[in-house]
Amino acid sequence: MAATFVANALQAVNFLGDRFLRQSPHSLSAIEDLYRHSMDSAFSVTEVFLVTGAPHASAYYPRDFAWFYPDVLDPETIMDAQDAVRRVRLLEKSVRLLLEAVRADVVTTTIVPAGRSRYLGVNYFSRPSDTLLGVLAGLQQMISAEERASAYLAMSQCAHAGRLLLAEYGSDLKRAILKLASELEPFDADGTRYLLCDASGPRSAATDTRAERRRFVTNACVYTTFVWGVQLGIVEENELKRLLGRDLTEYKSGLLGLFGKNGYIRHSLDGPAGPPVSQVALDFVSVHRGFWNMNDASERALFAATTDLIIAEPRFRIPSTFHFLVSADNPRNKMIHKIAAPAYQGRSSWPTFNVEFADRMLDFDEFSGSDTYRACAQGILKDICTATEVHGGYQELISEQGLKYRTWAYKGAVAHSWFPRFLSVWRRAHGTPLLQWND
């Protein structure tokens, strides 16, 4: 309790400092200049770990590696050799800190610095569902750094460092993953028993402020954690099967059947009855290389039905744009959200979720052999590019009016380190890079 009080006090100071001390944004407007400025800020040699650029950036969010940082090492987003070295060094420092926390049995949503080489782990609102997923995502990105053609020596060095970290901390990760599997709870519906991570109480994900139980995205994150754990050789699928009482394929099909029984992916089983559009949310897109693999026709049908609901509903969109909001209605708010971020997970747009929405659309088209959503994906990315230039940087949040997201305690933030992911998906959607580097 004392550590939580101190951590919350430090974060309150961070927000108040942002409220009263944040400088006016710089005057750059060209997308290339904004990107260079963002990369210099995001991967500064003075940073202790990878930060977002938001007022709470002095804290560390392990899950962000799964949701927001999957393309930090995409060679086409790296400006020069110096930029590559800075990214690799900061990524390694960040992942090592996460792994040390796991070794200390601190699997938490947030790590807050509390002095020289001292950190406090604290859960905001509820225990995490996707922290281990973030740890694995950061480690996976390091190990796969040399798989894409690159002229930067730092990439092969990063892959080697990732393999060493996996060997050093693999047993700690295995213990944590098996513990997560043992914490799943039975949930009975329509005569069938399912397994959920949040059957009796909410679990936190990257969209955690709704404080709801039985959410699709939190359970999709847990499934993905197990899959990545098996892929990285950390845990055997048979070990998970013994704990779950089913294999991973059955586990996933159960989640799709439970949350998709109405023909679309329902955001939460815990909410009130209502029209379909009020029961879906943009965060169903999950994470990069995560829950959705689009191999199965029935899975693609569920994705398409949910996507079509969001596209067709005006309340999901900033007028005259392809900027989609998190949901059609505001969720329940706790008191702190009314002060700091009242629409954080409702009537606001997360550009980074929109980028993932576009990427899942491209996944759908690729596996279905169609061009069903490519134009929409391109429209999403074009509007994010426009908003970036208008607002002077890649925003963390945009209001439902298309303006900078502002509350009393949250004046808006430039999401420096989320910018590379946007460039990666732009390249995929258009076939050509948005920015090119001469180095």
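See the structure shown above.
Description of the structure in this document. Residue indices begin from 1 for each chain and proceed along its sequence in written order. Local features in this predicted model are restricted to residues of pLDDT 70 or higher, and side-chain atom pairs are both shown and tallied only at a pLDDT of 80 or more, whereas totals for entire chains, interfaces and linings draw on every residue. Excluding hydrogens and water, the side-chain values take into account all heavy atoms of the structure.

1. Some points on the pairing of strand β1 (residues 110-113)
Two strands pair when backbone bridges link them, and β1 and strand β2 (residues 119-122) are joined in this way by 4 bridges, in the antiparallel orientation. Of the residues in β2, the one forming a bridge with Ile 111 is Gly 121. Hairpin connection between β1 and β2: a loop of 5 residues separates the two successive antiparallel strands, and Gly 115 in this loop has a positive phi of roughly 110 degrees. Only strands that DSSP links by at least two bridges are regarded as paired with each other. Each helix is a run of H or I in the DSSP string that is no shorter than four residues. Each strand is a run of E no shorter than two, and both are numbered from the N terminus.

2. Observations concerning the nonpolar core
Each nonpolar core is a collection of buried residues, namely Ala, Val, Leu, Ile, Met, Phe, Trp, Tyr and Cys, held together in the definition by side-chain atoms within 4.5 Å. Under the scheme applied here, a residue whose accessible area is under 20% of the maximum for its type counts as buried, over 50% as exposed, and between as partly exposed, the area being computed with a 1.4 Å probe on protein chains only. With 132 residues, the main nonpolar core has Phe 226, Tyr 251, Trp 292 and Phe 422 as its most contacted residues. Sorting elements by how many residues they give to this core places helix α6 (residues 153-182) first, with 12 residues. For this analysis, residues touch if any pair of their heavy atoms sits within 4.5 Å. Those residues in contact with Phe 422, other than ones at most four positions away along the chain, are Val 355, Leu 381, Ile 384, Cys 385, Tyr 394 and Leu 434. Formed by 7 residues, the second largest nonpolar core is a distinct cluster that contains Ala 7, Ala 59, Tyr 61 and Leu 120.

3. Some words on the pattern of salt bridges
Just to be clear on terms, a salt bridge is a Lys or Arg side-chain nitrogen sitting within 4 Å of an Asp or Glu carboxyl oxygen. As enumerated under the stated definition, the model contains 34 salt bridges in all. Of the charged contacts in the structure, one is a salt bridge between Asp 172 and Arg 175, with a shortest N-O distance of 3.4 Å. Taken as a pair, Asp 172 and Arg 175 lie in helix α6 at a separation of 3 residues, close to a single helical turn. Judged by relative accessible area, Asp 172 falls into the buried class, the value being 8%. Across the pair Asp 188 and Arg 193 runs a salt bridge, and its minimum N-O distance is 3.0 Å. Salt bridges here are not isolated pairs; linked through shared partners, they connect Asp 71, Asp 74, Arg 148, Glu 356, Asp 359, Arg 360, Asp 363, Glu 366, Arg 421 and Arg 428.

4. Here we look at the environment of Gly 138
Along the chain, Gly 138 turns up in helix α5 (residues 131-143). In this structure Gly 138 comes out as buried when scored by relative accessible area, which is 0%. Residues Gly 138 and Asp 64 lie 74 residues apart in sequence; the distance between their C-alpha atoms is 9.0 Å. The residues touching Gly 138, leaving out its near neighbours within four places in the chain, are Phe 65 and Val 95.

5. Some words on the side chain of Lys 252
Along the chain, the position of Lys 252 falls in helix α9 (residues 248-259). Setting aside residues no more than four positions away along its own chain, Lys 252 makes contact with Tyr 223, Phe 291, Asn 293 and Glu 299.

6. As for the packing of aromatic side chains
Pairs were defined over the aromatic rings of Phe, Tyr and Trp, the Trp ring being its six-membered one, requiring ring centres within 6.5 Å. Orientation was assigned from the angle between planes: stacked under 30 degrees, edge-to-face over 60, tilted for the rest. Inspection of the entire model under this criterion finds 29 aromatic pairs. Where Phe 284 meets Phe 303, the ring centres are 5.5 Å apart and the plane angle is 40 degrees; that geometry is what we call tilted. Linking Phe 284 in the loop between α9 and α10 (297-312) with Phe 303 in helix α10, this pair joins segments that are 19 residues apart in sequence. Ring plane angle 65 degrees and centroid distance 5.3 Å describe the contact between Phe 364 and Tyr 373, whose orientation is recorded as edge-to-face. The cationic tip of Lys 252 hangs over the ring face of Phe 291; the distance from NZ or CZ to the ring centre is 4.9 Å. The criterion is that NZ of a Lys, or CZ of an Arg, lies within 6 Å of the ring centre and within 35 degrees of the ring normal, and then a charge sits over that ring.

7. Considerations on unusual backbone geometry
Note on backbone geometry: most residues besides glycine have negative phi, and most peptide bonds are trans. In this structure, Asp 105 is a non-glycine residue whose phi angle is positive, near 65 degrees. Position of Asp 105 among the secondary structure elements: in the loop between α4 (81-103) and β1.

8. Overview of helix α13 (residues 374-391)
To estimate how far a helix should extend, the number of its residues minus one is multiplied by 1.5 Å. Its 18 residues place the ends of α13 26 Å apart at the C-alpha level, agreeing with the 26 Å of an ideal helix rising 1.5 Å per residue. For α13, the full list of buried residues reads Cys 376, Ala 377, Gly 379, Ile 380, Leu 381, Asp 383, Ile 384, Cys 385, Ala 387, Thr 388 and His 391. For α13, the secondary structure elements touched by its buried residues are α2 (31-42), α10, α12 (351-368), β8 (398-399) and α14 (419-430).

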